[in-house]
Amino acid sequence: MKITVNTKEIQTAFKNLLKLAPVKSSVPILSNILIIADSKKVELTATDIDTTIHVILKNAEVIETGSYIIPRDTIKLVQKLNDTYITISENNIESGKRNVKYQALSTEMYPEKQNFNFNQHAFTLSRPQMSEILPMTYACSTMESTPILKGVLFRNTNVVATDRHRMALRTLESNDYTHDMVIPSNAIDLIQTFTEKQYKGEYSFIVDEYNRFVNIQFDNVTMIVRLCEGTYPDVSKIIPRTFNTEITVNKKDLIEELTVMKEVTDKTNTVKMNISSGSLKLSASNDTTSNQLESTLDAKQVGDDMRLACNLEFILEALKNKESEKITIKLNGSTVPFMIDADTLILPHLLAA
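The rules behind each value
- Residues numbered from 1 in each chain as written.
- Predicted model: local features only at pLDDT ≥ 70, side-chain atom pairs only at ≥ 80, totals over all residues.
- Heavy atoms only, no water.
- Helix = DSSP H or I, 4+ residues; strand = E, 2+ residues; numbered from the N terminus.
- Contact = heavy atoms within 4.5 Å.
- Areas by Shrake-Rupley, 256 points an atom, 1.4 Å probe, with all protein chains shown as cover.
- Lys, Arg positive; Asp, Glu negative; His and termini not counted.
- Charge placed at Lys NZ, Arg CZ, Asp CG, Glu CD.
- Salt bridge = Lys/Arg side-chain N within 4 Å of Asp/Glu carboxyl O.
- Buried < 20%, exposed > 50% of the residue type's maximum accessible area, 1.4 Å probe, protein only.
- Pairing = 2+ DSSP bridges.
- Axes fitted to C-alpha atoms, helices over the stretch in contact; angles between N-to-C directions.
- Left-handed = near helix turned anticlockwise from the far one by under 90°.
- Nonpolar A, V, L, I, M, F, W, Y, C, P; charged D, E, K, R; others polar.
- Phe/Tyr/Trp six-rings, centres within 6.5 Å; stacked < 30°, edge-to-face > 60°.
- 1 Å grid on protein atoms, 1.4 Å probe; cavity = no way out; pocket = protein on both sides within 12 Å on 5 of 7 lines; lining within 4 Å.
- Points joined across faces, edges and corners; volume = space filled by probe spheres on them.
- Polar contact = N/O pair within 3.5 Å; in protein donor to acceptor, adjacent residues only side chain to side chain.

Trainee: I would appreciate a short explanation of the overall build of the protein in the present structure.
Mentor: For the protein, the helix and strand inventory stands at six helices and 26 strands. Look at the contacts in the protein between residues 6 or more apart in sequence, and 66% of them connect residues 24 or more apart. About 18400 Å² of surface is accessible on the protein, with carbon and sulfur atoms providing 46% of the total. Distance between charge centres in the protein, computed from 39 positive and 44 negative side chains, equals 3 Å.

Trainee: Is there a simple way to explain the pattern of salt bridges in this structure?
Mentor: One side chain can pair with another of opposite charge once the charged atoms of both are near each other. Across all of its chains, the model carries 14 salt bridges by this definition. The closest approach of N and O atoms between Arg170 and Asp343, which form a salt bridge, is 3.8 Å. Of this pair, Arg170 sits in strand 13 (residues 166-171) while Asp343 is found in the loop between strand 25 (338-340) and strand 26 (344-346), placing the two residues 173 residues apart along the sequence. Of the charged contacts, one joins Glu313 and Lys262 as a salt bridge, the two residues approaching to 3.4 Å between their closest N and O atoms. You can see Glu313 sitting in helix 6 (residues 312-319) and its partner Lys262 sitting in the loop between helix 5 (251-261) and strand 19 (270-276), a full 51 residues away along the chain. With a relative accessible area of 23%, Glu313 lands in the partly exposed category. Classification of Lys262 as partly exposed rests on a relative accessible area of 34%. Taken together, the shared-partner salt bridges connect Arg170, Lys322, Asp341 and Asp343 into one network.

Trainee: What am I meant to see in the sheet that holds strand 25 here?
Mentor: Sheet strands pair via backbone hydrogen bonds, and the direction of the pair is either parallel or antiparallel. Strand order in the open sheet formed by nine strands is 14-11-12-13-26-25-24-18-22, with antiparallel pairing between adjacent strands. Each end of this open sheet is capped by a strand with a single partner; those strands are strand 14 (181-184) and strand 22 (300-303). Adjacent strand axes in the sheet meet at a mean angle of 20 degrees when their direction is disregarded. Of the strand pairs in this sheet, strand 18 (residues 245-250) and strand 22 are connected by four bridges, and their pairing is antiparallel. Bridging across to strand 22, Thr248 finds its partner in Lys300. Against the sheet, helix 6 touches strand 13, strand 24 (326-331), strand 25 and strand 26, its axis set at about 35 degrees to strand 25.

Trainee: Please explain the packing of helix 5 against helix 6 as it appears in this structure.
Mentor: To describe two helices that pack against each other, one gives the angle between their axes and the distance between the axes. Contact geometry of helix 5 with helix 6 gives a least axis separation of 10 Å together with a crossing angle of 145 degrees. In this structure, helix 5 crosses over helix 6, and the sense of that crossing is left-handed. Contact with helix 5, carried on its side by Lys251, Leu254, Ile255, Leu258, Thr259 and Met261, involves Leu312, Ile315, Leu316 and Leu319 of helix 6 and no other residues of that element. Of the residues in the contact of helix 5 with helix 6, the class split is eight nonpolar, one polar and one charged.

Trainee: Would you explain the packing of aromatic side chains in this entry?
Mentor: A ring pair, where both rings are aromatic, is described by two values, the distance of the centres and the angle of the planes. Counted under the stated rule, the structure contains eight aromatic pairs. Seen from their ring centres, Phe123 and Phe154 are 5.1 Å apart, and the 20 degrees between their planes marks the pair as stacked. In this pair, Phe123 sits in strand 10 (residues 118-126) while Phe154 sits in strand 11 (residues 151-155), placing the two residues 31 residues apart along the sequence. The same class applies to Phe123 and to Phe154, which are both buried.

Trainee: Mind showing me how you'd approach the environment of Tyr138 here?
Mentor: The topology assignment puts Tyr138 in the loop between helix 3 (127-133) and strand 11. On the basis of relative accessibility, which here comes to 14%, the residue Tyr138 falls in the buried class. Residues Tyr138 and Ala168, spaced 30 residues apart in sequence, show a C-alpha to C-alpha distance of 8.3 Å. Those residues in contact with Tyr138, other than ones at most four positions away along the chain, are Arg166, Ala168, Glu317, Ala318 and Thr344.

Trainee: Looking at this structure, I do not really get the layout of surface pockets. What am I missing?
Mentor: As a volume, the largest pocket reaches approximately 370 Å³. Along the wall of the largest pocket there are 21 residues; nearest its centre are Thr52, Pro111, Glu112, Lys113 and Gln114. The set of elements that each furnish at least two residues to the lining of the largest pocket consists of strand 2 (33-37), strand 3 (42-47), strand 4 (51-56) and strand 17 (221-226). Its residues placed into classes, the lining of the largest pocket shows eight nonpolar, eight polar and five charged.

Trainee: I would appreciate a short explanation of the side chain of Ser95 in the present structure.
Mentor: If you trace the backbone, Ser95 turns up in strand 8 (residues 92-95). By relative accessible area, Ser95 is classed as buried at 1%. Only 2.8 Å separates the side chain of Ser95 from the side chain of Asp83, close enough to count as a polar contact. When neighbours within four sequence positions are excluded, Ser95 is seen to be in contact with Leu81, Asn82, Asp83 and Ile86.

Trainee: Is there a simple way to explain the pairing of strand 2 in this structure?
Mentor: Residues in a regular strand project their side chains so that they alternate between the two faces of the sheet. Most of strand 2 is tucked away, with four of its five residues classed as buried. Taken together, the five bridges between strand 2 and strand 6 (residues 66-70) define a ladder with antiparallel strand orientation. Looking at strand 6, one finds that Ile36 is bridged to Ser67. Of the pairings in the sheet, the one linking strand 2 to strand 3 comprises four bridges and is antiparallel in character.

Structure below.
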């Protein structure tokens, strides 16, 4: 096999694919990248078994067809090359005055491409829709004891991520798939990694005949992802329909104050919020250092006065990707979940009597 490729393009593809390829694995060959060149295209592949990603290079010339595996250490050396184009063959990489000699690995031990019957189109997302869903993984669980919550749920027109302490919510305009689809959070993060900034196209989600894998196609990328198995909880039962209190504050000011308070709190990251007389009073303390910090923000208040406590990191993560200048916090009491705008639900801490 022999190919000529655009250096920056293959460097970017290698960098992204290595985020999936496990550094340490019971199958060491998976730490490397598979290259297949046929008469029509050059395709790069990485897999950790549960997720497989194929990238077709947009600027590549096939001189000789074939396939082999480039070792991880060789890929790191390729990242140092700076000529516009490089020529890669089985044991040689030519880049201007530089010539890299290496030992390609045989493809015999690499997992064969599985022939899934992807026959159920679930939905198609536009780039703006996908941009709203990609940040939701902050609310997914990281606990091995709740594997189903480690993914993002697509159920009818609802998209949900929760770790039982907070919940991120979005809405799809349409979803033709009649089952729950729970995509692992790390796969959602990889979609963001592989999406080029200039990409304005769509993302197609197609499910296999056994509802175990989803094929996600966009730009020059194909991702085959094993879906999370299990029963996702009925989250609709804990989403309030009405609220006793709503306050609207400046998002930038709230982020600034909470960020400073991170330096004061203990490991619980607890911030207390006192809503009264058209203001939001924030306070945090640390019993170990005896440090305390209070600040007051102007707020537009509708409804009852209220006080509660919660994890300030949860609020910061929810605010990070909001574009609006103002945010609205909606509450029903100090012991029930409260909402930030219409897309984030957070469970408060219990206040001491």
